[in-house]
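So you can see what is in the structure, the chains are spelled out below.
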Amino acid sequence: MEPEETVMEPPPPTDGEALDAALGEITGLIGQAETFLTSLLRPWNAYQVGIALAVMLAAYILQRVFGPRVRAWMASREGWPTWRMRILVVVHKRLRMIIFVLLIWTVVLVMREVTWPSRTYLLTIVAELATAWLVVAFATRLIRSALLRGIVRYGAWIFVTLAILNLQDEAAALLDSVGFNLGDTRLSLLTLVQAILVVATLIIIARFLTGTATNRIQKNEEMSPSMRVLAVKFLQVAFYGVAIYMGLRLTGVDLTGLAVLSGAIGVGLGFGLQKVVSNLVSGVIILLDKSIKPGDVISLGETFGWINSLGARYVSVVTRDGKEYLIPNEDLITSQVVNWSHSNEFVRLDIYFGTAYGDDPHVVRKLAIEAAQGVDRVLSHRPPVCHVVGFGDSSVDYILRFWIKDPTGGLTNIRGNVYLALWDTFNEHNISIPFPQREVRMLNETPPVAPD
């Protein structure tokens, strides 16, 4: 058997060789640019440049003339769907470029019929560039994030420009020549650009899949609200993590060498970010045990309100006065929390009052129950009860208990309505609400003489 030939991979270039290669690529590009600028001095090339500038001027004039009319027409379109108006806004914003593309292609087609195709070479390149830039501008409007949209848009413009000018190989060689060696791995600008493009594309796909899955999960009535939030958070971490990992692997980045470094960073972050990690873990526990969920009414210390949303680090609680408290998840785990709607929405409220000793307690209890039953939001199938709880210095003390099923509507207001109902009922039946009275005597004053 013949011995197998061993293929030796060429060693990575040194920094000096990479610098020489970069200078060579730059020199070559400068030479091509000089050649291109020199070619513009030829008669027909100069004519094509002049025609392109004239078309740009015509597009500018037409945009200034028809732009306000198009905007006025858009303003008169009442009742149109939002998506259609957004398309019109994008078209109006790119109206000059649209007019330029239509005019330049019209000029190219006409000149191809009346003259030689070679005399429209530069105009064809300008038309292709303008068309590609316009398509990229419209396509990137589908990306919601402004930062990501800008990165993708400018990156796509550079790519299509290099492709149309047939400069991909030169640009790739120039970017690859600028970099350094990390062990056996070559890190260059080309690797960075490829990583950004691939990771950005995968993140866009992950964002789309996450949004679609989130909409389906939120519409699933069989899942509890807390499980929906947990499922959405899990999908976001999974999709984005897979997108970043696959993007780095596809660009040739060796992640095994980062294992030790990531472990050391993890230990350091564990000491410095204990509270953050504790809040993250507490958030997962809250979602799993379903102790609180969006829409629940809770009390934590002096904070009373309903849960607006569950975050990875905190819980948003909105109070009756419109304030939004961001409570760390750890506080909800380690502190005593009153959940007014944990297992059910029924809440019992107690109010205390007193009447004079001259009023019959049996009558007072009956009138108090009738007054509470006449208040809205007080449940009738769980009727109120009233009990005597003590004999005070100035009054007979009572407790009135009643049930509601909508704590999100507020507790103070329903208590106030019940107190007002008691006041009106007691006034109607001559039931008096006593108050403490004190006798004040001045010093060195002759005490009053008691009558015989």
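Described below are features of the structure shown in this document.

Definitions and cut-offs
Residues numbered from 1 in each chain as written. Predicted model: local features only at pLDDT ≥ 70, side-chain atom pairs only at ≥ 80, totals over all residues. Heavy atoms only, no water. Helix = DSSP H or I, 4+ residues; strand = E, 2+ residues; numbered from the N terminus. Expected span 1.5 Å × (residues − 1). Buried < 20%, exposed > 50% of the residue type's maximum accessible area, 1.4 Å probe, protein only. Pairing = 2+ DSSP bridges. Axes fitted to C-alpha atoms, helices over the stretch in contact; angles between N-to-C directions. Contact = heavy atoms within 4.5 Å. Phe/Tyr/Trp six-rings, centres within 6.5 Å; stacked < 30°, edge-to-face > 60°. Lys NZ or Arg CZ within 6 Å of the ring centre and 35° of its normal.

**With respect to helix H3 (residues 82-93)**
Link 1 in the chain: A rise of 1.5 Å per residue sets the reference length of H3, with its 12 residues, at 16 Å; its end C-alpha atoms lie 17 Å apart and thus fit the reference within 8%.
Link 2 in the chain: Restricting attention to buried positions, one finds in H3 the residues Leu88, Val90 and His92.

**Notes on the sheet that holds strand E9 (residues 385-391)**
Link 1 in the chain: Strands sit in the order E8-E10-E9 across an open sheet of 3 strands; the sheet is antiparallel. Looking at the sheet topology across the chains shown, the edges are occupied by strand E8 (347-355) and E9. Between one strand and the next, the sheet's axes are offset by a mean angle of 25°, whatever the strand orientation.
Link 2 in the chain: Two elements, E9 and strand E10 (residues 396-404), share 6 bridges in a ladder whose sense is antiparallel. Bridged to Val385 within E10 is Arg401.
Link 3 in the chain: Relative to the sheet, helix H13 (residues 361-373) contacts E8, E9 and E10, its axis offset from that of E9 by approximately 140°.

**Concerning the packing of aromatic side chains**
Link 1 in the chain: Under the criterion given, the structure shown has 3 aromatic pairs.
Link 2 in the chain: Aromatic side chains Phe353 and Phe426 sit 5.7 Å apart centroid to centroid with 50° between the ring planes, which places their arrangement in the tilted category. One end of the pair, Phe353, is in strand E8; the other, Phe426, is in helix H14 (residues 412-428), with 73 residues separating them in the sequence. Phe426 shares its class with Phe353; the two are buried.
Link 3 in the chain: Aromatic ring contacts, followed pair by pair, group Phe353, Tyr398 and Phe426 into a single cluster.
Link 4 in the chain: Seen from the ring of Phe346, Arg382 lies directly overhead, with NZ or CZ sitting 4.2 Å from the centre.

**A look at unusual backbone geometry**
Link 1 in the chain: Backbone geometry places Arg377, a non-glycine residue, at a positive phi of 80°.
Link 2 in the chain: Mapping Arg377 onto the fold places it in the loop between H13 and E9.
Link 3 in the chain: Accessibility expressed as a relative area gives 25% for Arg377, which makes it partly exposed.

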